[in-house]
Amino acid sequence: MAPIIELGERVTASGEIEVEQEYVAGLYARLDALREEAAGRLAAARRAGGEAAVWQAEVARLDAVEQGLCFGRLDLHDGRRIYIGRLGLFRDDDGEPLLLDWRVPVARAFYTATATAPQGVRRRRRITTRGRTVVALNDELLTPDGAGDDGLVGEAALLAAVTAARTGRMHDIVTTLQAEQDRIVRHESGGVLVVQGGPGTGKTAVALHRVAYLLYTRPHLRTRGVLVVGPSRIFLDYIGQVLPGLGENSVVTATITDLVPDVEVSRVDPPEAVALKGRAVMAERLAETVRSRVRTPDHPVDVEFEQQVLRLDPRTCDRAVRNARRTGLPHNEARLVHQREVVDALAQRLVDGMEAVVLTDTGEAIDGGSADGRLGEADLRALAAAGFVIDQDEHDDGPKALLDQADRVALRNSLLADAGVQAVLDALWPPLTPEHVVSDLLGEPVDGWSAADVPLLDEAASLIGHVGDRVTFGHVVVDEAQELSEMAWRMLMRRCPTRSMTIVGDPAQTGNPAGTSSWDHVLRPHVRDRWQLARLTVNYRTPAEIMAATADLLAAHHPGTPPPRSVRSTGETPWRIRTTRADLVTTVTDLATEHGDGQLAIIAPNAHIEPLAAALSLPTPPDLTGEVVLLTPGQAKGLEFDSVLIADPAEILGTAPLGHNDLYVAMTRATQRLGIVHPGPSPVELTAIPDRSHRPTGAETSA
């Protein structure tokens, strides 16, 4: 039951802050007590040499919620007052809730209640804190005569969040989740949920808050693990504070290439090679490459063993291959079955030779015994004379084997240990490595791997059984999922056997030549029709002026794709400046030097990164916390900045087959201002943007 506090007298704004400050102080006191208890248990576990990981995780969880512990309050029509925060806190003596975790069902109204559908809420209050101090309150009365119903919940707090200066690190949006976002966060899909939305719709934030929600509502995921896959290490660093801020520290983050840690990416493929290597047909070609390494001879094979020559006939070899493949095991494991079959055949040939009775030219046994190896009367008398008495009732006068089972096992082991025999076995069914398989398929020497090679190597590893310590997860989140090739999807599915996934992306932003334009195309081979699509339609980040500047680009290359609806306007009109190719670096450098309002991202094609970095003394790879950040369009995916300056849009358009999508990504990274510098004529898609080639001054240089 939520804590009940009577709604009493009206007080001044300062009085309300004092009331909330007192309550928040009590929450922090309870948090401190829990921290002290957890620290004590952690110390005790370490002294006892016991399992300390549980308490270490609890200490980290409690430390992570220090900022913004309590951010909301609901005043209900039934007189209850409910406080909402980053985790649940309960009174020590009677277990009464002091603070409700934002993920509990009753807290949902904080995000979805409106004046027309108040869900029992009379007032929603947002509490802003700085450290442990309450600094501001924002109330919404959800009554017919209260605030209007414009579709945005907590508009003032939302706009304050989206217009705040960027720091190079994403922050959570737990205090400002909107109804369409909250619906996706709490979606009960147990399979694959695809979240599609244009720039600025909060796809990444929604996916991460969904992870936190799933970990809270499905505790088994804490033991089975959650993996978050991002397009780059830059992106993963950018989002790295979100889940810890929500009290979740156990999630694994990785890029596609990180999932095969023993492969070092050292080269870049041309676009056509990337597209080819990403196609699903490569899986079939890899499988055929592996199969082709197994040899079934069409003539007998001589095997030398201890000065003897044993002969393997083609029928025996073929039977061994068929029996090995019938097991369905990967190549290197099935190879052991093949070896056993072949060695058994060789051992039987040796046994047959040892057990055979040697006959004279007249057909008699050379040792004077029976020609068929049976014990005759003379044999029995000789054995009796030697002290071996055979019971006549139990006597079987059939042939007697010289070698028992232990002898036969020793013989097989000797064959396996023989270098000559092993050479024949390796020639018939060789041991393989992923590197050799991929190199054979591509017809290239192993002189370094590209990012597009990594899914091929992973596929080959699965085919031959060389998977090492590959880890699987209970749930996988894929951000910028439109960038994944068909082969990369195969790679991910192997790591999520339950097919429980949250996939977020926007096909209009696909930059990878092997990426996708259809979710059904990449998902159906793995989950058939067991996936659902949820759309985000509201752009909270990108101002209307910037989205208008992208209209011609979007219409030219994605006709029929509606842009997300921007919720705000800044009054800052995007602009462009014409320069020459020789003066491009100087022009961009001058504009960056004049910039002084928030964080600036300079987004340029690869060809300009090195000279711009030298001119501006900027690091590469970029430092996202810097006042000025230099990136390629690919590195900018999923990021946001106060201002963006694009250098040479024509080069971005022409560098890759999907350069138009890369330019769209670059243009939609800004929360405030956008400027473009183009050597020579402007690309036709940008001609509607005002030309300020006279060099902007004052407010115009703020981008």
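- Looking up the chain in an unreviewed UniProt entry gives the name DNA helicase IV, with the organism given as Saccharothrix carnea.

1. Overview of the packing of aromatic side chains
Then, number 1: A complete count under the given rule lists 3 aromatic pairs for this structure.
Then, number 2: Taking 3.9 Å as the distance between ring centres and 15 degrees as the angle between the ring planes, the aromatic pair formed by Tyr23 and Tyr83 counts as stacked. With a gap of 60 residues between them, Tyr23 in helix H1 (residues 13–47) and Tyr83 in strand E2 (residues 81–85) connect regions that are remote in the sequence. The same class applies to Tyr23 and to Tyr83, which are both buried.
Then, number 3: Aromatic side chains Phe110 and Tyr111 sit 5.3 Å apart centroid to centroid with 90 degrees between the ring planes, which places their arrangement in the edge-to-face category. Comparing Phe110 with Tyr111 shows no difference in burial state: the two are buried.
Then, number 4: In this structure an aromatic cluster arises from ring pairing among Phe71, Phe110 and Tyr111.

2. Quick word on helix H6 (residues 203–217)
Then, number 1: Over its 15 residues, H6 runs 21 Å from end to end, which matches the ideal 21 Å to within 8%, given 1.5 Å per residue.
Then, number 2: In terms of burial, H6 is largely enclosed, as 13 of its 15 residues are buried.

3. Things to note about the side chain of Glu640
Then, number 1: Relative to the assigned elements, Glu640 resides in the loop between helix H25 (633–636) and strand E20 (641–647).
Then, number 2: According to the relative accessible area criterion, Glu640 is buried, its value standing at 14%.
Then, number 3: At a separation of 2.5 Å, a polar atom in the side chain of Glu640 contacts the side chain of Arg166.
Then, number 4: Side chain to side chain, Glu640 and Arg541 meet in a polar contact 3.5 Å long.
Then, number 5: Other than its neighbours up to four places away in sequence, Glu640 contacts Arg166, Tyr238, Arg541, Gln599, Arg669 and Thr671.

4. Some details on the packing of helix H18 (residues 453–464) against helix H19 (residues 486–494)
Then, number 1: It is the contact of H18 with H19, at a shortest axis distance of 9 Å, that shows an interaxial angle of 50 degrees. Taken together, the axes of H18 and H19 lie oblique to each other. For the pair H18 and H19, the sense of crossing is left-handed. Contacts between H18 and H19 pair Val454, Pro455, Leu456, Asp458, Glu459 and Ser462 from the former with Met487, Ala488, Arg490, Met491 and Arg494 from the latter.
Then, number 2: Classifying every residue of the contact of H18 with H19 gives 6 nonpolar, 1 polar and 4 charged.

Cut-offs applied
- Residue positions are given per chain, counting from 1 as you read along its sequence in written order.
- Restriction of local features to residues with pLDDT of at least 70 applies here, the model being predicted, together with a cutoff of 80 or more for giving and counting side-chain atom pairs; totals for whole chains, interfaces and linings are based on all residues.
- Excluding hydrogens and water, the side-chain values take into account all heavy atoms of the structure.
- Ring pairs shown here join Phe, Tyr and Trp side chains whose ring centres sit within 6.5 Å, with only the six-membered ring taken for Trp; geometry is labelled stacked below 30 degrees between planes, edge-to-face above 60, and tilted in between.
- The way it works is that DSSP assigns letters per residue, a run of H or I at least four long becomes a helix, a run of E at least two long becomes a strand, and they are numbered from the N terminus.
- For each residue, the accessible area found with a 1.4 Å probe, counting protein chains only, is set against the maximum for its type, and the residue is called buried under 20%, exposed over 50%, and partly exposed in between.
- Expected span of a helix: the number of residues minus one, times 1.5 Å.
- Here a polar contact means two N or O atoms within 3.5 Å. Within protein one must be a hydrogen donor candidate and the other an acceptor candidate, and residues neighboring in sequence count only if both atoms are side-chain atoms.
- The contact criterion used throughout is that any non-hydrogen atoms of two residues lie within 4.5 Å.
- In this description, a line fitted to the C-alpha atoms serves as the axis of each element, helices being fitted only across the stretch in contact, and the angle between N-to-C directions of two axes falls anywhere from 0 to 180 degrees.
- Reported orientations rely on four angle classes, namely roughly parallel under 35 degrees, roughly antiparallel over 145, roughly perpendicular from 65 to 115, and oblique for the rest.
- In a left-handed crossing the near helix is turned counterclockwise from the far helix by less than a right angle, and in a right-handed crossing that turn is clockwise.
- Ten residue types, Ala, Val, Leu, Ile, Met, Phe, Trp, Tyr, Cys and Pro, are classed as nonpolar, four, Asp, Glu, Lys and Arg, as charged, and the remainder, Gly among them, as polar.

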